[in-house]
Amino acid sequence: MSVVMPQPDAAVLARRESIVAALSAIVPGEGVIASERAMRPYESDGLTAYRALPMVVLLPETTEQVSRVLAYCHREGVKVVPRGAGTSLSGGALPLTDGVLLGMAKFNRIREIDFDNRVVVAEPGVTNLAVTQAVEHAGFYYAPDPSSQIACTIGGNVAENSGGVHCLKYGMTTNNVLGCELVLMTGEIVRIGGKHLDAGGYDLLGIITGSEGLLGVVTEITVRILKKPETARAVLVGFNRSEDAGDCVSRIIGAGIIPGGMEMMDRPAIRATEEFVHAGYPLDVEALLIVELDGPQAEVDHLIARVEAIARDCQAVTCKVSSSEQERLLFWAGRKAAFPAVGRISPDYYCMDGTIPRAKLPLVLKRIRELSEHYGLRVANVFHAGDGNLHPLILYDANKPGELDKTEEFGSEILKLCVDVGGVLTGEHGVGVEKRDLMPAMFSETDLAHQQRLKCAFDEKGLLNPGKVFPKLHRCAELGRMHVHAGRVAFPDIPRF
């Protein structure tokens, strides 16, 4: 298989030397990486099956430099792919051979901490965890906490609308971002939102969050910080059947209980994680729930008792409540290390990302098990169970001919299943190139055309991160006239590794 990306512009490639020289005048010194060897680390993101060498890599340090770079590229018709830490698992930062890769890693400063308004103003290259570390001395934290929070950046979180284990109660990135500074493809600098809770007019901030680098380059983000709860305790609940664990998730939510976090792992993920982290997980169960309750002490004690009762009614076979803050953090350390832990039991794995209605968890788990047997590939399931965000890890060996093809076909079946049961193609990893060609399973051609009209309002030349999200590209001028059908931009094959 191959990923189909926009046809390289031969005229742009012919001008590579002059383009690099012009960009070097804007971003001097080590901010320009142009040699093949030095650009190799940027040839892919976390979806390493797909690779392409960029025309040039730029590492700007100021908003003014970003503005000048984009204005130049807009004027010269040069494509631009924004990149954060490169932890995207959907190919969202896959470079273009005739495009500039705009790395935002040097935007790594926290510009302001405002406890009175409970916000932090940070540059996009600041890591997720660094925001919490900057405010925890005053008893505050930043709620969204993806498993990669030690490495992933706030800018990337905004691009993909990342979640984490506590998104059930405290929301995704979009629920915790109050404002941003955005550079448009023309070089214009705009500010959207701010320190205030909400803004009038159109929800432009909601459009930007999760837009996968297709609308502009974010150079500053204002995020909401929260006071740490008085008490937080986690419960480990084991089941002999994954379906029982899924039923327990639905019953907890149905009872009106909103845990701070609720995660699920199946036997392969449990064993791999316990051998890696030694978090105290039971090894004789088929499925494990981690349910965290937070708030005032009396409320937490009451809710834990209710969760334990619901778990017993769902045939739970083990139940362990954290007895200290250290043990609670250890429970979560195991879950957050699940992906690298699974990497120890398989040469390769393919991390899926889809979201379903919680009530469909038992059905979907059963179907994934059947698909696993059909394709002859093992699966380790790790879920944000509370909000129905699934992360099945398909285990395979890329050195075996045809096995990656089979893995991708299996993954596509899982994502289509998510849509069939009333869910969506992605929960937090984005569409990128991985799910792009599955978008018609969820959206009609008319739906997709309307989405592209929105992109055209920000980027009429289609120069920002082209080839991502949309399976068929329409020229902006045509979108104004079309009803459903339009011309198609030719895509060549990008080799997959």
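In this report, we go over the structure that sits alongside the text.

Conventions adopted
Residues numbered from 1 in each chain as written. Predicted model: local features only at pLDDT ≥ 70, side-chain atom pairs only at ≥ 80, totals over all residues. Heavy atoms only, no water. Pairing = 2+ DSSP bridges. Helix = DSSP H or I, 4+ residues; strand = E, 2+ residues; numbered from the N terminus. Axes fitted to C-alpha atoms, helices over the stretch in contact; angles between N-to-C directions. Contact = heavy atoms within 4.5 Å. Disulfide = S-S within 2.5 Å. Salt bridge = Lys/Arg side-chain N within 4 Å of Asp/Glu carboxyl O. Buried < 20%, exposed > 50% of the residue type's maximum accessible area, 1.4 Å probe, protein only. Parallel < 35°, antiparallel > 145°, perpendicular 65-115°, else oblique. Left-handed = near helix turned anticlockwise from the far one by under 90°. Nonpolar A, V, L, I, M, F, W, Y, C, P; charged D, E, K, R; others polar.

1. A look at the sheet that holds strand β11 (residues 217-224)
In step 1: The five strands lie next to each other as β6-β7-β11-β9-β10, forming an open sheet whose pairing is antiparallel. Each edge of the open sheet is held by one strand with a lone partner, namely β6 (110-114) and β10 (189-193). Taken over all neighbouring pairs, the strand axes of this sheet differ in orientation by 10° on average, direction set aside.
In step 2: With six bridges connecting them, strand β9 (residues 177-183) and β11 associate as antiparallel partners. Note that in β11 the partner of Gly179 across the bridge is Thr222.
In step 3: The strands that helix α4 (residues 63-76) touches are β6, β9, β10 and β11; relative to β9, the one it contacts most, it runs at about 50°.

2. Structural notes on the state of the cysteines
In step 1: The final tally for this structure, using the stated rule, is one disulfide.
In step 2: Disulfide pairing places Cys456 opposite Cys476 at an S-S distance of 2.0 Å. In this structure the cystine formed by Cys456 and Cys476 twists about its S-S bond by roughly -90°; its chirality is therefore left-handed. Here Cys456 is found in helix α16 (residues 445-458), whereas its partner Cys476 is found in helix α17 (residues 476-479), with 20 residues between them in sequence.
In step 3: Cysteine Cys180 remains unbridged, with the sulfur of Cys152 as its closest cysteine sulfur at 18 Å.
In step 4: Distance from the sulfur of Cys418, which forms no disulfide, to the nearest cysteine sulfur (Cys351) is 12 Å.

3. Thoughts on the pairing of β10
In step 1: In this sheet, β10 lies alongside β9 in antiparallel orientation, the contact comprising five bridges. Its bridge partner being in β10, Cys180 is matched across the sheet by Ile192.
In step 2: The hairpin turn running from β9 into β10, its antiparallel successor, is five residues long, and Gly187 in that turn takes a positive phi close to 100°.

4. With respect to the pattern of salt bridges
In step 1: Applying the stated rule across the entire model yields 31 salt bridges.
In step 2: Notably, a salt bridge pairs Glu76 with Arg15, separated by 3.2 Å at the nearest N-O pair. Separated by 61 residues along the polypeptide, Glu76 in helix α4 and Arg15 in the loop between α1 (10-14) and α2 (16-26) bring together distant segments of the chain.
In step 3: Glu76 gets classed as partly exposed once you look at its relative accessible area, which sits at 30%.
In step 4: Using a relative accessible area of 29% as the deciding quantity, one classes Arg15 as partly exposed.
In step 5: Close ionic contact of Lys435 with Glu434 constitutes a salt bridge, the shortest N to O distance being 2.9 Å.

5. A word on the packing of helix α9 (residues 242-254) against helix α11 (residues 297-313)
Helix packing for two helices is described by the angle between their axes and how far apart those axes are.
In step 1: Contact geometry of α9 with α11 gives a least axis separation of 9 Å together with a crossing angle of 140°. One finds that α9 runs oblique with respect to α11. Viewed along their axes, α9 and α11 form a crossing whose handedness is right-handed. Facing Cys248, Arg251 and Ile252 of α9, the residues of α11 in contact are Val307, Ile310, Ala311 and Asp313.
In step 2: Taken together, the residues of the contact of α9 with α11 break down into five nonpolar, no polar and two charged.

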